[in-house]
Amino acid sequence: MNTINNTNFNFPKQKSVYKGKVREVYNINEELLVMIASDRLSAFDVIMPRQIPFKGQILNQIATKMMKDTEDIVPNWLLANPDENVAIGHLCEPFKVEMVIRGYLSGHAAREYKAGKRTLCGVAMPEGLKENDKFPTPIITPSTKADNGEHDEDISREEILAKGIVSEKDYIILEDYTRKLFARGTEIAKKRGLILVDTKYEFGKTKSGKIVLIDEIHTPDSSRYFYEEGYEKRQEKGEKQKQLSKEFVRQWLIENGFQGKEGQEIPEMSDEKISEISNRYIELYEQIIGEKFKKGETSDILNRIDKNVAQFLNAR
């Protein structure tokens, strides 16, 4: 099946292109950004050799739907979706921090807690918690936004301000937006029978100086979800929570001896495994959005994107 790996478009008035782990972003005349969600799969900050059919479309459509569902409380960069894999929006200068917010002691926070730490990114975590317990109040645990595939690193609010990474005036807005988005995301998840456990948001500043939400929001790649049904019973029994995220990919890699460490080889993904991962992403979409997933035309994906984006840009 055809998938999107690398792209090499030359759109009208294109100035430059930035290639991330999963997305490729085209600068149009220093005014717009064309963000293309590829089908690349990244885990442990490593890009897997094979792509996952429809993954880019799924992430793009979840993110854009969630942006539209939150634009009344937080402004965002998005202008249009001329193609299933494409989002077009205002050019922004990204803040060099990711705003991570956690409602539960899970993932990285749980690992730090288990190691005996009771402070994460300068924020105190209460004593007496067990993995996947709910925090009394969601905590914001920022990380530096890594370049060139390096690992993101925890950083405290105090360090961000002391190093001048973000001004105090702007950071107060980022915190406020982060809490509002998480509250709305929690409401949306509850309607789908899910718990939004933790997530990350990225923000940028437009040419006019307006702070807006950018990149993805509430996708299974940027967020962790639990199923609400049975959550309390599983916690009481000390059982693992039923998750909805790309954690299943990480677990399969770990079971096959890969965690992104030096000297480790990426296990080979068979056609069957690729198909399984694709189907799981479709399940994630349908559970999070509550609608049947409609597969895009894949006979000539790159030509389809090229035509749709060019048509949008030429009409402006």
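The shown structure was predicted, so the numbers you read here are calculated from the model rather than taken from an experiment. (Residues numbered from 1 in each chain as written. Predicted model: local features only at pLDDT ≥ 70, side-chain atom pairs only at ≥ 80, totals over all residues. Heavy atoms only, no water.)

1. With respect to the overall build of the chain
Here is the rule: Helix and strand assignments come from DSSP, with helices taken as H or I runs of at least 4 residues and strands as E runs of at least 2, each series counted from the N terminus. Only protein chains enter the accessibility calculation, which uses a 1.4 Å probe; a residue whose area is less than 20% of its type maximum is buried, one above 50% is exposed, and one in between is partly exposed. Throughout, a contact is declared for two residues whenever any of their heavy atoms are within 4.5 Å. All accessibility values rest on the Shrake-Rupley procedure with a 1.4 Å probe; residue burial counts only the protein chains present in the view. In this tally, Asp and Glu contribute negative charge and Lys and Arg positive charge; neither His nor the terminal groups of the chain are included. To locate a charge, take NZ of a lysine, CZ of an arginine, CG of an aspartate or CD of a glutamate.
Scanning the chain from terminus to terminus reveals eight helices and 18 strands. Counting only C-alpha atoms, the chain reaches 60 × 50 × 45 Å along its principal axes. Taken across its 316 residues, the chain has 51% of its residues classed as buried. In the chain, the share of contacts with a sequence separation of at least 24, taken over all contacts with a separation of at least 6, comes to 63%. Split by element, the accessible area of the chain, about 15900 Å² in all, is 45% carbon and sulfur. Taking the average place of the 49 positive charges on the side chains of the chain and the average place of its 52 negative ones, the gap between the two points comes to 3 Å.

2. Here we look at the packing of helix H1 (residues 55–68) against helix H7 (residues 271–289)
This is how it is decided: With axes taken as lines fitted to C-alpha atoms, and helix axes fitted only over the stretch in contact, angles between N-to-C directions fall between 0 and 180 degrees. Should an angle fall under 35 degrees it is taken as roughly parallel, and over 145 as roughly antiparallel, whereas 65 to 115 is taken as roughly perpendicular and any remaining angle as oblique. We call a crossing left-handed when the near helix sits turned anticlockwise from the far one by less than a right angle, and right-handed when that turn is clockwise. Any residue that is not Ala, Val, Leu, Ile, Met, Phe, Trp, Tyr, Cys, Pro, Asp, Glu, Lys or Arg is counted as polar, Gly included; the first ten are nonpolar and the last four charged.
Across the interface, H1 lies against H7 with an axial gap of 10 Å and an inter-helix angle of 15 degrees. By the criterion of interaxial angle, the relationship of H1 to H7 is roughly parallel. Along this stretch, H1 crosses H7, giving a crossing that reads as left-handed. From H1, Lys55, Ile58, Leu59, Gln61, Ile62, Lys65 and Met66 reach across to H7, where they touch Tyr281, Ile282, Tyr285, Ile288 and Ile289. The residue makeup of the contact of H1 with H7, split by class, is nine nonpolar, one polar and two charged.

3. Regarding the packing of aromatic side chains
The criterion, for reference: The pairing test for Phe, Tyr and Trp rings, Trp by its six-membered ring, is centres within 6.5 Å, and the orientation test on the planes gives stacked under 30 degrees, edge-to-face over 60, and tilted for anything in between.
Throughout the structure, instances matching the rule amount to eleven aromatic pairs. Taken together, a centroid distance of 6.2 Å and an interplanar angle of 40 degrees make the contact between Tyr177 and Phe203 tilted. Of this pair, Tyr177 sits in helix H4 (residues 168–191) while Phe203 sits in strand S15 (residues 194–205); the two residues are 26 residues apart in sequence, bridging distant segments of the chain. Residues Tyr177 and Phe203 agree in their burial class; the two are buried. Ring pairs connect the aromatic residues Phe9, Phe11 and Tyr26, which therefore count as one cluster.

4. Observations concerning the packing of helix H6 (residues 247–255) against H7
Contact pair H6 / H7: the axes reach a minimum separation of 10 Å and the direction vectors enclose 155 degrees. Regarding the angle of H6 to H7, the classification is roughly antiparallel. In this structure, H6 uses Phe248, Val249 and Trp252 to contact H7, whose residues at the interface are Lys273, Ile277, Arg280, Tyr281 and Leu284. Across the contact of H6 with H7, the residue classes break down as six nonpolar, no polar and two charged.

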